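Here's the letter readout for the chains.
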Amino acid sequence: MPLLSRRNVLLTGAAVLATPMFVRRAHAADVDVVVIGAGAAGISAARELTGRGLTVTVIEADSRIGGRVHTDTEAFGVPYDTGAHWLHYREANPFVDYGLRHGFDMYESPDEGVFHVGDRLATDEEYAAYENAFRSAISAMSRAGRKGLDVAASEVVPDLGEWGLTVDLYAGAYEMAADFDSISCADWYSGEDGTDWYCREGFGTLFAHSARDVPVTLETAAFEVRWGGPGVEVVTDNGTIKARAVVVTVSMGVLANGNIKFDPPLPVKKQEAIDALTMGHMMHVALQLNENFFGVGEDGYFGYKITEEMNGAPKGFGALVDAGGHGITYCDLGGDFARQMSDEGPGATHDFVVAELKKAFGSKVEDAIENSDIFDWTSNPHTYGAYSSAEPGGAWSRGELRRPEADRLWFAGEALSRDDWATVAGAHKSGLVAAADIHDTL
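A brief look at the structure comes next. (Residues numbered from 1 in each chain as written. Predicted model: local features only at pLDDT ≥ 70, side-chain atom pairs only at ≥ 80, totals over all residues. Heavy atoms only, no water.)

Moving on, we get to the overall build of the chain. When its secondary structure is counted, the chain shows 15 helices and 22 strands. Here the chain has a C-alpha radius of gyration of 22 Å; the compact-globule value for 442 residues is 22 Å, and the two agree. Summarising its shape, the C-alpha atoms of the chain cover approximately 65 × 45 × 40 Å along the three principal directions. Out of the 442 residues in the chain, the part that is buried amounts to 59%. (Helix = DSSP H or I, 4+ residues; strand = E, 2+ residues; numbered from the N terminus. Rg over C-alpha atoms; globule rule 2.2 N^0.38 Å. Buried < 20%, exposed > 50% of the residue type's maximum accessible area, 1.4 Å probe, protein only.)

Next up, the structure:
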């Protein structure tokens, strides 16, 4: 019994981490474009601008590139994606083809799983009831989305009875990093769906390899963008860079948090768009296990019936078992429950996941855990969240942010993608679109 996802419901009815950066100190210099942020959008924008003959400086506040896509090979001694892991929508995902061309081990998601009710597998009748509830929710959201209704999913999803919390978790928090009351149906419906793929060496490893030709100035944070004159000045902790234009590719969380000051302030509509396009919450709990007790093979899903809530949010998680065959199981908490557990801290989060697994599989769970790691994207100062989701009433916000200001200030990133937001590929494409517009304007 596969763990349902929005994608399959709609469709059915050995490399070492590369070190590609030419690290240099930021300096005051006249360039055509400053790119703020070296995630997928920043890298693609910089490469495209350079290829079109413009001079570019890329700055990154972190000590590495990639943003929310990063493969850690030290925590467990094997590839471990701390953030993005799925290569979504393979049919239009350029990173899959890149990996295949460059010898990475790329493969399609098996899309298999197990579903528990308490300490046992769900019966056929129980799973059918869950499946019907899930499809009812997706159908209701799709009908509203097709009509352009910019309302919360919770307003249109019918009463799902005993399966309500479970569907809210797996159709909302686990997949969207947001609960039904925070998801705009119109915005949700704008997203494309397709086949998921994986990279056995890690998505972060693949991305780093693809970005190895782009020079980046690391550990250089922008804290002010002055765009009131004929050009722009980007004030960093390593000096001020003067340019003809700037493209800001940091997360919506960083923008909403006010880490970068704009002088003059952004227009009211632009700031309202940032406020409406909020970051979802995701806590990534990775367990290194010496035994696969789930009853499903590598890259299979584990889900279970949710019966409790925490301040209104479904209290549970979904798991990707034995990711890439490396013995690491990713247990992901999403939505408002993830935010609340972020406040509780990593210890409480680890204990919760282990306790839930013990309810399903007994005491052998603790004996099987050799190591663990928790990555909390909500508290990460370089992101303040996982990925974007328009609040109800805010479906217009992505389009507003795609519009430049004064022919010298652009934004790009997964949040600005037209139809594959919340993905690395969407961020990549957003960077290309911004770069083409900047080139044509300048």
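Let us keep going from here.
This brings us to the packing of helix H4 (residues 124-146) against helix H6 (residues 164-176). For the pair H4 and H6, interaxial distance at closest approach is 10 Å and the crossing angle is 60°. The pairing of H4 with H6 is recorded here as oblique in orientation. Viewed along their axes, H4 and H6 form a crossing whose handedness is right-handed. Side by side, H4 and H6 meet where Tyr-130, Ala-133, Phe-134, Ala-137 and Ile-138 of the first sit next to Thr-166, Val-167, Tyr-170 and Ala-171 of the second. Looking at the contact of H4 with H6 residue by residue, the class counts come to eight nonpolar, one polar and no charged. (Axes fitted to C-alpha atoms, helices over the stretch in contact; angles between N-to-C directions. Parallel < 35°, antiparallel > 145°, perpendicular 65-115°, else oblique. Left-handed = near helix turned anticlockwise from the far one by under 90°. Contact = heavy atoms within 4.5 Å. Nonpolar A, V, L, I, M, F, W, Y, C, P; charged D, E, K, R; others polar.)

Okay, the pattern of salt bridges next. Using the criterion set out here, one finds 22 salt bridges in the structure. A salt bridge links Arg-90 to Asp-97, with the shortest nitrogen-to-oxygen separation between them at 2.8 Å. Close ionic contact of Asp-187 with Arg-398 constitutes a salt bridge, the shortest N to O distance being 2.7 Å. Residue Asp-187 is located in helix H7 (residues 185-189), and its partner Arg-398 is located in helix H14 (residues 397-402); the two are separated by 211 residues in the primary sequence. Both residues of the pair, Asp-187 and Arg-398, belong to the buried class. When salt bridges with common partners are traced through the structure, they connect Lys-270, Glu-400, Arg-403 and Glu-405 into a single cluster. (Salt bridge = Lys/Arg side-chain N within 4 Å of Asp/Glu carboxyl O.)

Looking now at the sheet that holds strand S6 (residues 113-117). Ordered in space as S7-S6-S15-S18-S19-S14-S20, the seven strands form an open sheet in which the pairing is mixed. Every other strand in the sheet has two partners, leaving strand S7 (120-121) and strand S20 (369-376) as the edge strands with one partner each. As paired elements, strand S14 (residues 282-289) and S20 share seven bridges and run antiparallel to each other. Bridging from a neighbouring strand, Leu-287 pairs with Ser-372 of S20. Along the sheet, helix H11 (residues 335-344) contacts S14, strand S19 (328-334) and S20; its crossing angle with S19, the most-contacted strand, is approximately 100°. (Pairing = 2+ DSSP bridges.)

This brings us to the packing of aromatic side chains. Taken as a whole and assessed by the stated rule, the structure comprises 24 aromatic pairs. Aromatic pair Tyr-170 and Tyr-174: ring centres 5.9 Å apart, planes at 80°, arrangement edge-to-face. On the criterion of helical spacing, the pair formed by Tyr-170 and Tyr-174 is a turn pair, its members being four residues apart in helix H6. For the residue pair Tyr-170 and Tyr-174, the accessibility class agrees, reading buried in each case. Where Phe-294 meets Phe-361, the ring centres are 5.3 Å apart and the plane angle is 75°; that geometry is what we call edge-to-face. Here Phe-294 is found in the loop between S14 and strand S15 (300-304), whereas its partner Phe-361 is found in helix H12 (residues 346-361), with 67 residues between them in sequence. Neither Phe-294 nor Phe-361 differs from the other in exposure class; each is buried. Pairwise contacts between aromatic rings join Phe-293, Phe-294, Phe-302, Tyr-304, Phe-317, Phe-337, Phe-352 and Phe-361 into one cluster. (Phe/Tyr/Trp six-rings, centres within 6.5 Å; stacked < 30°, edge-to-face > 60°.)

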